[in-house]
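Spelled out from the first residue to the last, the chains are:
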There are 4 protein chains.
Amino acid sequence: MKSAFRSAISTALAFSFRSLNPTSHRPSLTLLRPYAAVFFSKHSPLTSMAGGESGTHVPSLATFQSLEKQFEEFRHQLEDSGSLRERIRSVALEIESATRLMHSSLLLIHQSRPVPEVLETAKGKIDLLRELFSKLAEIMRECPGQYYRYHGDWKSETQTVVSLLAFMHWLETGSLLLHTEAEEKLGLNPDEFGLDVEDYLIGICFMSNDLPRYVVNQVTAGDYDCPRKVLKFLTDLHAAFRMLNLRNDFLRKKFDGMKYDLRRVEEVHYDVKIRGLAANGEKTGEQNDQAQS
Amino acid sequence: MKSAFRSAISTALAFSFRSLNPTSHRPSLTLLRPYAAVFFSKHSPLTSMAGGESGTHVPSLATFQSLEKQFEEFRHQLEDSGSLRERIRSVALEIESATRLMHSSLLLIHQSRPVPEVLETAKGKIDLLRELFSKLAEIMRECPGQYYRYHGDWKSETQTVVSLLAFMHWLETGSLLLHTEAEEKLGLNPDEFGLDVEDYLIGICFMSNDLPRYVVNQVTAGDYDCPRKVLKFLTDLHAAFRMLNLRNDFLRKKFDGMKYDLRRVEEVHYDVKIRGLAANGEKTGEQNDQAQS
Amino acid sequence: MKSAFRSAISTALAFSFRSLNPTSHRPSLTLLRPYAAVFFSKHSPLTSMAGGESGTHVPSLATFQSLEKQFEEFRHQLEDSGSLRERIRSVALEIESATRLMHSSLLLIHQSRPVPEVLETAKGKIDLLRELFSKLAEIMRECPGQYYRYHGDWKSETQTVVSLLAFMHWLETGSLLLHTEAEEKLGLNPDEFGLDVEDYLIGICFMSNDLPRYVVNQVTAGDYDCPRKVLKFLTDLHAAFRMLNLRNDFLRKKFDGMKYDLRRVEEVHYDVKIRGLAANGEKTGEQNDQAQS
Amino acid sequence: MKSAFRSAISTALAFSFRSLNPTSHRPSLTLLRPYAAVFFSKHSPLTSMAGGESGTHVPSLATFQSLEKQFEEFRHQLEDSGSLRERIRSVALEIESATRLMHSSLLLIHQSRPVPEVLETAKGKIDLLRELFSKLAEIMRECPGQYYRYHGDWKSETQTVVSLLAFMHWLETGSLLLHTEAEEKLGLNPDEFGLDVEDYLIGICFMSNDLPRYVVNQVTAGDYDCPRKVLKFLTDLHAAFRMLNLRNDFLRKKFDGMKYDLRRVEEVHYDVKIRGLAANGEKTGEQNDQAQS
């Protein structure tokens, strides 16, 4: 009986880390030791209940205790993953509010405030984002191999982050923020907590959705060269996306939207060209270029 | 060209390894390092900044090529994960059809065929299931730490498998098939490809849904002791589930259904008792018990 | 009989006061105390226990009477809160019809009637609104601490009122009607019956929904400066809203809509600018400005 | 200007407490002082933006700052009520898990375990519930007059609590737990944080839903007198509810359900009577009575 008891404990321990994390290699025994004691305490209604019955053909006391033990373990596991989820969610919320502030300062670009000024404020938040993502990475370090188990809890926030960083990067350099560059900016170590490629691509689509509005407002403000530049960028981006064989999912839908962004920018470019504004727009264009470089 | 081609390949591989698998620890670093070196020299912000310095703000050829290269890599990755998914799906479909056959033979129990005969046919499929799950494990071995990325592609099939195995186990032993026992039956090695706890629990709920029908048919066939046994089993199971703090999701919904199974069985037990049938039911009961022990 | 009647009344009042209003501080305690005394002497667990002591387990007459008395009290309370609700609803309906008239006269603005004339008619209704809101405040005075219990019965009407007042205020001053200004206009005393912040914010969103149409019609009527002014206003407003961390509810949805109002106005502004119409629009612009200042 | 500044502060302060709590009498000034400083700091993008413009007919810098100030206040208020909500939710969750354990031990009654034993375990949780409800009351003390603003965040948990307490009370005394008795059991002081009458009534309906199942299982266990007792209780309860004029809402729907509970119990009573079991059931009945007294 005693040995049975011991093996029961080890089973319990082995079991819990395994099924909390079917793919991890290091069990979180430290987490589990305390529970083991609990498993065999007679506190719960179930044991007494089983004790009551006898001479029946239903599960013996032994099998019943194993049932109880198993669910006791599940209870702890579900609590663990539940609290883990809460911690993730709270970080995700902080990310969300950081990006919200970032976004509101970036919105000033639509009132054609000088690019450097706008970027400065927005960049101020990047360090905070790095910090928050390193918090996420830290949490995930506790449960290796579970990245995609909890991925759903931070992905949409991450997609927004990518869209903002990519827009800022485009304003600065006129080129696309690459996946690896995004990871660098966020201080992500791809070997332990990387930026999911689909999240990156969706974020890029979100950025593209903001470009038509940007173009319209730039033209209104007299930057008649902007449509040409954005058009070139969006055309390349759209072409690049077309290389991808997207399954019929959210990313696909987002990408389809990019087509309309492209069209709208083409129309604005057309308006500017047909009115011969592109020419006398150069000056403002360059002016604006200085702002950008 | 040839070398470019080669490096493109290795690039693709390296890249897909990394971002296909942001959380794996060992794999592909060797592949990665050299690649990384190349990568950052070419596409670091600096380069793109350079694009900014030159008067024009259309991405330079260099930046454009990096854009193209990145999407070329993504293309490979999405194709890789796409074909991976197809392989998973095809195995999942085989699992599904195996369980369908298993289920149809188990249905004979409702015509009160002798338990051993019914079980024999169903058990015949278990080896096939073991084989199929080891195929899944093999596929997952190619992308460590991705279990939960593709989990959605096999989970519902797995839940059905659990429900059938648990029902068979109950017929044989009168007790609940434990999570570890289920893993053993399917030949799963929890350290590399385990049985997700929620899939197990949902499978158990599915099994519970079949019990009221079973009880009704057993009573019809004259086994008046069956309700008592099933009731005891379901009551313990229900109580055990109540220990769990289920978030309000699919599992929760399934569990809520178990309450109705329980009530239905209680009603049948009530009918049998109030008519004083339980007594002359003993013989069949024992008979059936022998089948079970 | 008469005294029984009287005590029944006071009981009803006392009780409804307390549990109609679990959080109020002063009211009805004097009424309550004596009643409470009576109450507990009669229905304390002890009494019902007594029911338990006597062999039968059907509630004793005593316990049954306490049951009956309690539901008698509930009947009064539900009738009280029911009739209260009806009174609130009828005032809310009056508010609704007053705002409907107000709205229809404001609609003339879209036919570019002179602002002062349009405002004059609409303002005519404000006194009525003040009156109706003071009626609401009066009703609420009867049940302190219940503002949010019945809030749902007047909130949507109040949101419409805010949207109209804010639109009128903008036409007059070109600036946003502040929360405190709205309370003043409606003669609300925030210490007893204030304007809920979310109702105010939702009302402001409603107003924003009307601006694109207004801009389109003003431009049609030759006021080419209008888009610029509305755009500036909406941009500031949108930026201000972005400071808020809105939970994902109705207000959030309304605010998301504001983005489209903003874009639509930007498009109109763009059309005017690109056609160089802004220039010869100044005169009408100023004219209109006089109307506003 | 200076005085304007001062009055602006006081406005801000007055404003916030007012609209955070339109009906409270004591402002939470302490909460607000710190913010006041913030209002006038030039940190936010908005101010700089406003500063940029001049000579336009859109809101003056002054009006713009008031806009910004107001939304700054709203931001704090929404954060305050948001965090308040979180605290409430976390207590509500604790209540939920306490009741879950309570419920699982009460479920043993359906396996006709001796009443005192079952009650003992369940009662063990009541002190915890008192504690948790006093936590809620404490939180609400911070915002007098807001009981019904946040009521939705704890009501369903409270309804479950009532249903369990009422069931336990019925098992002990055979009579209905009164509203005041429920408040006492939970240590609620009705003058500051009472038990909403509708929550109480809904809880009672929930309890009624469990009675048919209880009766069925008691009869199965040989207590043939149980149906009579439950039927008497449910009939009185149903009659009492019928006195109430229920609006067509959730409570109404729950009450309609009670009709089916009543019918089911009548059927069981009929089964027992028609089989002449009631008679030879007395012994078990009394036996059970001893268990109850």
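The structure presented is a predicted model; accordingly, all values stated were derived computationally and were not measured. Each chain carries its own residue numbering, running from 1 in the direction its sequence is written. Labels follow written order: the first chain is A, the first ligand is 1, and so on. Totals for whole chains, interfaces and linings use every residue, but because this is a predicted model, local features are given only for residues with pLDDT of at least 70 and side-chain atom pairs only at 80 or more, for both listing and counting. Only hydrogens and water are removed before side-chain values are computed, so all heavy atoms of the structure are retained for them.

S.K.: I'd like a description of the overall build of chain A, backed by residues and values.
M.R.: Runs of H or I in DSSP of at least four residues are treated as helices and runs of E of at least two as strands, each being numbered from the N terminus. Regarding its fold elements, chain A presents 13 helices and 0 strands. Counting from the amino terminus, helix and strand elements in chain A follow one another as α-α-α-α-α-α-α-α-α-α-α-α-α. We call two residues contacting when some pair of their heavy atoms lies within 4.5 Å. Across chain A, every contact between residues at least 6 apart in sequence was considered, and the portion connecting residues at least 24 apart equals 75%.

S.K.: Quick rundown of the packing of helix α6 (residues 126-141) of chain B against helix α8 (residues 155-173) of chain B? Include the residues and the values.
M.R.: Relative orientation and spacing of two packed helices are given, respectively, by the angle between their axes and the distance between those axes. All names here are of chain B. With axes taken as lines fitted to C-alpha atoms, and helix axes fitted only over the stretch in contact, angles between N-to-C directions fall between 0 and 180 degrees. Direction vectors running N to C along α6 and α8 enclose 150 degrees, while the axes themselves pass 13 Å from each other. As α6 packs across α8, the resulting crossing turns out to be left-handed. On α8, the residues touching Ile 126, Leu 129 and Phe 133 of α6 are Thr 158, Val 161, Leu 165 and Met 168. By residue class, the composition of the contact of α6 with α8 is 6 nonpolar, 1 polar and no charged. Should the near helix be turned counterclockwise from the far one by less than a right angle, the crossing is left-handed, whereas a clockwise turn marks it as right-handed. All amino acids are sorted into three groups, where Ala, Val, Leu, Ile, Met, Phe, Trp, Tyr, Cys and Pro are nonpolar, Asp, Glu, Lys and Arg are charged, and the leftover types, Gly among them, are polar.

S.K.: Got a sec to walk through helix α10 (residues 197-220) of chain A? Specific residues and values, please.
M.R.: Residues and elements named next belong to chain A. Between its first and last C-alpha, α10 extends 36 Å over 24 residues, near the 34 Å set by a 1.5 Å rise per residue. Bend at a residue means the angle formed by two fitted axes: the first through the 7 residues ending at that position, the second through the 7 residues beginning there. Along α10, the helix axis deviates most sharply at Leu 211, where the bend reaches about 25 degrees; the proline Pro 212 sits within four residues downstream. For each residue, the accessible area found with a 1.4 Å probe, counting protein chains only, is set against the maximum for its type, and the residue is called buried under 20%, exposed over 50%, and partly exposed in between. The buried count for α10 comes to 20 of 24 residues, which makes it a mostly enclosed element. Of the residues one or two after α10, Gly 222 is the one with positive phi, at around 100 degrees. By this rule, a helix spans an expected 1.5 Å times one less than how many residues it contains.

S.K.: Explain helix α12 (residues 250-274) of chain B to me, and be specific about the residues and the numbers.
M.R.: Residues and elements named next belong to chain B. Over its 25 residues, α12 runs 37 Å from end to end, which matches the ideal 36 Å to within 8%, given 1.5 Å per residue. When α12 is considered as a whole, its buried residues turn out to be Leu 251, Phe 255, Met 258, Asp 261, Leu 262, Val 265, Glu 266, Val 268, His 269, Tyr 270, Val 272 and Ile 274. Gly 276, located one to two residues past α12, shows a positive phi value of around 60 degrees.

S.K.: Account for the packing of helix α11 (residues 226-242) of chain A against helix α12 (residues 250-274) of chain A, with residues named and values stated.
M.R.: Residue and element names in this part refer to chain A. Running from N to C, α11 and α12 point in directions that differ by 155 degrees, and their axes come no closer than 9 Å. On the basis of their axis angle, the class for α11 and α12 is roughly antiparallel. Judged by the twist between their axes, the crossing of α11 over α12 is left-handed. Taking contact as the criterion, the partners of Pro 227, Arg 228, Val 230, Leu 231, Leu 234, Thr 235, Leu 237, His 238, Phe 241 and Arg 242 in α11 are, on α12, Leu 251, Phe 255, Met 258, Lys 259, Asp 261, Leu 262, Val 265, Glu 266, Val 268, His 269 and Val 272. When its residues are assigned to classes, the contact of α11 with α12 shows 13 nonpolar, 3 polar and 5 charged. An angle below 35 degrees is treated as roughly parallel, one above 145 as roughly antiparallel, one from 65 to 115 as roughly perpendicular, and anything else as oblique.

S.K.: With reference to specific residues and values, describe the pattern of salt bridges.
M.R.: For this analysis, a salt bridge means a side-chain nitrogen from Lys or Arg found within 4 Å of a carboxyl oxygen belonging to Asp or Glu. Scanning the model with the defined rule gives 74 salt bridges over all chains in all. One salt bridge in this structure joins Glu72(B) and Arg75(B), with 2.6 Å as the shortest N-O distance. Remark: Arg75(B) and Glu72(B) occur in helix α4 (residues 61-106); sequence separation between them is 3 residues, near one turn of the helix. Taken together, the salt bridges that share partners define one network made up of Glu72(A), Arg75(A) and Glu79(A).

S.K.: Can you tell me about the nonpolar core, naming the residues and giving the values?
M.R.: Nonpolar side chains tend to gather and get buried jointly when the protein is soluble and globular. We define the nonpolar core as a collection of buried residues of types Ala, Val, Leu, Ile, Met, Phe, Trp, Tyr and Cys that are connected through side-chain atoms lying within 4.5 Å of one another. Counting residues in hydrophobic clusters, the biggest one holds 156 residues, and the most contacted among them are Phe71(A), Leu201(A), Leu237(A), Phe241(A), Phe71(B), Leu237(B) and Phe241(B). Leave out the neighbours within four places in its chain, and Phe241(B) touches Phe71(A), Leu201(B), Ile204(B), Cys205(B), Leu251(B), Phe255(B) and Met258(B). Formed by 155 residues, the second largest nonpolar core is a distinct cluster that contains Met207(C), Ala240(C), Ile95(D) and Val219(D).

S.K.: A description of the packing of aromatic side chains should follow, citing residues and the corresponding values.
M.R.: Under the pairing criterion, centres of Phe, Tyr and Trp rings, with the six-membered ring standing for Trp, must be within 6.5 Å; the plane angle then separates stacked pairs below 30 degrees from edge-to-face pairs above 60, leaving the rest tilted. The final tally for this structure, using the stated rule, is 44 aromatic pairs over all chains. Measuring from ring centre to ring centre gives 5.1 Å for Tyr147(B) and Phe193(B), while their planes differ by 65 degrees; the resulting arrangement is edge-to-face. Of this pair, Tyr147(B) sits in helix α7 (residues 147-150) while Phe193(B) sits in the loop between α9 (179-185) and α10 (197-220), and the two are 46 residues apart along the sequence. Of the aromatic side chains, those joined through ring pairs into one cluster are Phe71(A), Phe74(A), Tyr200(B), Phe241(B) and Phe255(B).

S.K.: Residues and numbers for the side chain of Gln70(D), please.
M.R.: Looking at where Gln70(D) falls in the secondary structure, it is placed in helix α4 (residues 61-106). The residues touching Gln70(D), leaving out its near neighbours within four places in the chain, are Leu176(C), Leu178(C), His179(C), Thr180(C) and Tyr200(C).

S.K.: For the side chain of Asp225(C), give the residues involved together with the corresponding values.
M.R.: All names here are of chain C. With respect to the element layout, Asp 225 can be found in the loop between α10 (197-220) and α11 (226-242). Residue Asp 225 is classed as buried on the basis of its relative accessible area, which comes to 5%. Polar contacts here mean pairs of N or O atoms no more than 3.5 Å apart (in protein, one a potential hydrogen donor and the other a potential acceptor; neighbouring residues in sequence count only if both atoms are side-chain atoms). In this structure the side chain of Asp 225 is engaged in a polar contact, spanning 2.8 Å, whose partner is the side chain of Arg 228.

S.K.: For the confidence of the model for chain A, give the residues involved together with the corresponding values.
M.R.: Residues and elements named next belong to chain A. pLDDT expresses, on a scale from 0 to 100, how confident the predictor is about each individual residue. This prediction gives chain A a mean pLDDT of 78; 73% of its residues lie at or above 70. Throughout residues 1-58 the model reports pLDDT below 50, and contacts reaching past four residues in sequence, or to other chains, amount to 97 contacts. Between residues 280-293, whose pLDDT stays under 50, and residues either more than four places distant or in other chains, the model counts 23 contacts. What the predictor reports for the complex is a pTM of 0.75 with an ipTM of 0.74.

S.K.: An account of the environment of Ser163(C) is requested, with residue identities and associated values reported.
M.R.: Residue and element names in this part refer to chain C. Relative to the helices and strands, Ser 163 is located in helix α8 (residues 155-173). Along the primary structure Ser 163 and Val 115 are separated by 48 residues, whereas in three dimensions their C-alpha atoms are 17 Å apart. Once residues lying within four places of it in the same chain are set aside, the contact partners of Ser 163 are Gly 203, Phe 206 and Met 207.

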